[in-house]
Amino acid sequence: MEPAVDIAAPAAITNLSPRKKPRTPSPEYATTIAVSSRALFNMEEETKIFDKDGVEAYVRHQMKHENEPFGPGAAFPFVQAIEAVNEQLRDLYPASDELFDIVLVTNNHAQVGVRLINSINHYGLSIERFCMTGGKSPIEYLKAYHTNLYLSADSEKVQEAIEQESGGSWTQVRSEQRCSQEGIAAATIFSPNKDVSVSERQLRVAFDGDAVLFSDESEQIVKEHGLDKFFEHEQTNENKPLAMGPLKGFLESLGKLQKKFYAKGQRLKCPIRTYLVTARSAASSGARALKTLRSWGLETDEALFLAGAPKGPLLQKIRPHIFFDDQMFHVEGAKELGTIAAHVPYGASQRYKVEE
């Protein structure tokens with residue numbers, strides 16, 4: 001039976017002393033995941049103290065309880081799975097820096113760092129790089145940390161990251177004028193509404209297509225002209241690749257790591273598995289999506305075209321460590337059935353939501 005990890009309350013404290021950990025990879029070659037403290041750990045109680053009593057009471061509480069580890073947060077299983085992949089990569093390529101690297105990014109005061117460090121050591125996580133900004137937004141530091149993906153529980157910081165240096169809000173500018181590569185791939189991560197178990201040895205990442213891997217060009221056609229015009233547009237442009245979306249670069253990074261396993265004859269046992277989970281119809285609009293990935297030299301292990309059906313039931317079978325979508329409707333549906341979902345605030349769906 002496949003080993004699994006549960007998102008649950010932390011067990012009684014065991015040992016907070018640091019364990020021997022592997023060497024941190026060089027940032028120039030690593031796939032860097034920046035994760036906020038509230039995404040990695042459950043800090044709901046502490047957040048309530050901050051909101052009610054202010055920063056001084058919050059810091060005092062954290063210092064008083066610094067030998068008590070936080071419970072796991074929404075991103076915790078994702079981070080654990082990443083570290084399991086790293087373990088297998090190090091076995092195959094002992095000297096390589098082409099690994100995942102986790103950076104803890106938080107606007108917490110440095111004094112809170114002791115509890116965060118103790119929690120990381122308690123769970124045996126290999127997180128050595130921290131960014132603690134003492135109340136200031138950490139977003140401006142993400143590029144300096146060579147960030148490939150930023151996960152946070154704070155939707156405003158995610159919006160700030162994904163719009164960084166893009167010259168204006170992506171909810172207000174048409175896709176052909178956007179430069180998604182200038183921002184940081186980012187998403188607001190949510191805990192599922194019920195307990196979920198996910199694989200400990202295989203990292204599973206599911207992506208929506210339009211406005212996530214691809215630009216929102218096609219979604220704009222749907223919003224402005226309806227489905228019939230959309231199908232006509234996709235068939236006319238079947239051989240014209242879609243522009244890249246905000247998460248294309250992260251899929252590319254996953255693909256590069258997958259190929260390291262393939263090179264060792266481990267395609268069928270690869271500990272990274274990717275999924276395209278899209279509301280597109282296969283016969284009417286699926287070819288353009290697949291041909292776009294092919295034109296980029298990319299692929300997903302599975303491509304699931306739902307023709308408008310709910311995504312939650314299918315994701316319940318996949319049990320991904322994270323599912324990225326640009327529409328909160330799909331995020332909520334995934335959460336309801338136990339999937340860890342992340343909202344990507346990009347594209348036509350955001351713009352029309354604002355206008356409404």
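Worth saying up front: this structure is predicted, and the values here are computed from it rather than measured. (Residues numbered from 1 in each chain as written. Predicted model: local features only at pLDDT ≥ 70, side-chain atom pairs only at ≥ 80, totals over all residues. Heavy atoms only, no water.)

### Section: the overall build of the protein chain
The test is simple: The helix count covers DSSP runs of H or I at least four residues long, the strand count covers runs of E at least two residues long, and both are numbered beginning at the N terminus. Per-residue accessibility, obtained with a 1.4 Å probe over protein chains only, is compared with the maximum for each type, and a residue is labelled buried under 20%, exposed over 50%, and partly exposed between these values. Here the accessible surface of atoms and residues is derived via Shrake-Rupley with a 1.4 Å probe, and residues count as covered only by protein chains that are part of the display.
Regarding its fold elements, the protein chain presents 13 helices and 14 strands. With 356 residues in all, the protein chain has 55% of them scored as buried. Of the accessible surface of the protein chain, which amounts to about 16100 Å², a share of 49% is contributed by carbon and sulfur atoms.

### Notes on the pattern of salt bridges
This is how the line gets drawn: Salt bridge, as applied in this entry: a Lys or Arg side-chain nitrogen positioned within 4 Å of an Asp or Glu carboxyl oxygen.
Under the defined criterion, the tally for this structure stands at 18 salt bridges. The closest approach of N and O atoms between K157 and D154, which form a salt bridge, is 2.9 Å. Across this residue pair, the class does not change: K157 and D154 are buried. Among the salt bridges present, the one from K311 reaches D208, with a minimum N-O distance of 3.0 Å.

### Observations regarding the sheet that holds strand 13 (residues 322–325)
As a general point, the strands of a sheet are linked pairwise by backbone hydrogen bonds and lie either parallel or antiparallel. Put simply, the rule is: Paired strands, as defined in this entry, are two strands with at least two bridges between them according to DSSP. Helix axes use the C-alpha atoms of the stretch in contact, all axes being lines fitted to C-alpha atoms, and the angles between their N-to-C directions lie in the range 0 to 180 degrees. Residues are treated as being in contact if the distance between any of their heavy atoms lies within 4.5 Å.
Taken together, ten strands build an open sheet; the order of strands is 6-5-2-7-8-14-13-10-11-12 and the sheet is mixed. Edge positions in the open sheet fall to strand 6 (129–132) and strand 12 (302–305), since each of these has one partner strand only. Each strand of the sheet is rotated relative to its neighbour by a mean of 25°, with strand direction disregarded. In this sheet, strand 11 (residues 272–278) lies alongside strand 10 (residues 203–207) in parallel orientation, the contact comprising five bridges. Looking at strand 11, one finds that R204 is bridged to R273. Against the sheet, helix 12 (residues 328–336) engages strand 8 (186–190), strand 13 and strand 14 (341–343), with an angle of about 165° to strand 14.

### Notes on the packing of helix 2 (residues 44–53) against helix 3 (residues 55–64)
Note the threshold: Each angle receives one of four descriptions, namely roughly parallel if under 35 degrees, roughly antiparallel if over 145, roughly perpendicular if within 65 to 115, and oblique otherwise. Note on residue categories: nonpolar means Ala, Val, Leu, Ile, Met, Phe, Trp, Tyr, Cys or Pro, charged means Asp, Glu, Lys or Arg, and polar means any other residue, Gly included.
With their axes 7 Å apart at the nearest point, helix 2 and helix 3 run at an angle of 150° to one another. Classified by the angle their axes make, helix 2 and helix 3 are roughly antiparallel. When helix 2 is examined against helix 3, the residues E45, E46, I49, F50 and D53 are found in contact with a partner set consisting of V55, A57, Y58, H61 and Q62. Of the residues contributing to the contact of helix 2 with helix 3, the split by class is five nonpolar, two polar and three charged.

### Some thoughts on helix 7 (residues 217–225)
Listing the buried residues of helix 7 in full gives E217, S218, E219, Q220 and I221. Two residues or fewer past helix 7, G226 is found with a positive phi of approximately 90°.

### As for helix 6 (residues 155–162)
This is how it is decided: The arc in question is traced by the directions running from the helix axis to the C-beta atoms. Identification of polar contacts relies on pairs of N or O atoms within 3.5 Å, with a donor-acceptor requirement for protein atoms, meaning one able to donate a hydrogen and the other able to accept it, and with residues adjacent in sequence counted only if both atoms are side-chain atoms.
By the burial criterion, the buried members of helix 6 are K157, V158, A161 and I162. Seen end-on, helix 6 carries its buried residues on one side only, within an arc spanning 130°. On its buried face, helix 6 is in contact with strand 7 (147–152) and strand 8. With a side-chain oxygen positioned 2.9 Å from the backbone nitrogen of E156, the residue opening helix 6 is D154.

### Quick notes on the nonpolar core
Using the following cut-off: Among the buried residues, those of types Ala, Val, Leu, Ile, Met, Phe, Trp, Tyr and Cys that are joined through side-chain atoms within 4.5 Å form a nonpolar core.
With 77 residues, the main nonpolar core has F78, Y150, F207, L247, F250 and F324 as its most contacted residues. In terms of residues, this core owes the most to one element, helix 4 (residues 76–92), which gives seven residues. Apart from the residues lying within four places of it in its own chain, the contact partners of F207 are V212, L213, L247, F250, L251, L254, T274, Y275, L276, V277, F323 and F324. By size, the runner-up hydrophobic cluster in this structure holds eleven residues, among which are A206, L315, I318 and F323.

### Focus: the side chain of Q88
Considering the arrangement of structural elements, one finds Q88 in helix 4. When its relative accessible area of 16% is taken as the criterion, Q88 is described as buried. Setting aside residues up to four positions removed in sequence, Q88 forms contacts with R201, F261 and P271.

### Points about the pairing of strand 10
In terms of burial, strand 10 is a largely internal element, five of the five residues being buried. Residues L203, V205 and F207 line one face of strand 10 and the alternating positions R204 and A206 line the opposite face, and both faces are buried. Sheet topology note: the strand 10/strand 13 ladder contains three bridges and is parallel. Across the sheet, the residue bridging to A206 is F323, located in strand 13.

### Some thoughts on the packing of aromatic side chains
So the rule is basically this: Any Phe, Tyr or Trp ring, taking Trp's six-membered ring, that has another such ring centre within 6.5 Å forms a pair; planes under 30 degrees apart are called stacked, those over 60 apart edge-to-face, and the others tilted. The criterion for a charge sitting over a ring is simple: Lys NZ or Arg CZ within 6 Å of the ring centre, and within 35 degrees of the ring normal.
Applying the stated criterion to the full structure yields nine aromatic pairs. Ring centres of F50 and Y58 lie 5.5 Å apart, and the angle between their planes is 85°; on these two criteria the pair is classed as edge-to-face. Three or more aromatic residues link up through ring pairs in this structure, and these residues are F41, F70, F76 and Y123. Directly above the ring of W296 sits K248, whose terminal nitrogen or CZ lies 5.4 Å from the centroid. A cation over a ring is seen here: R267 above Y262, with NZ or CZ 3.9 Å from the ring centre.

### So, the environment of L314
Its location among the elements puts L314 in helix 11 (residues 312–318). Residue classification places L314 among the partly exposed positions, given a relative accessible area of 27%. Each C-alpha atom, one on L314 and one on L337, is 9.7 Å from the other, the two residues being 23 residues apart in sequence. Once you skip the residues sitting within four places of it in the chain, L314 turns out to touch L304 and L306.

### Looking at the pairing of strand 13
Threshold: A clockwise course of the path from the first strand over the helix to the second, judged with the strands pointing away from the viewer, identifies a crossover as right-handed.
Residues I322 and F324 line one face of strand 13 and the alternating positions F323 and D325 line the opposite face, and both faces are buried. When strand 13 meets strand 14, the two strands line up parallel, connected through three bridges. Bridge pairing in strand 14 links D325 to H343. You can see the chain leave strand 13, run along helix 12 and come back into strand 14, and the turn it takes is right-handed.

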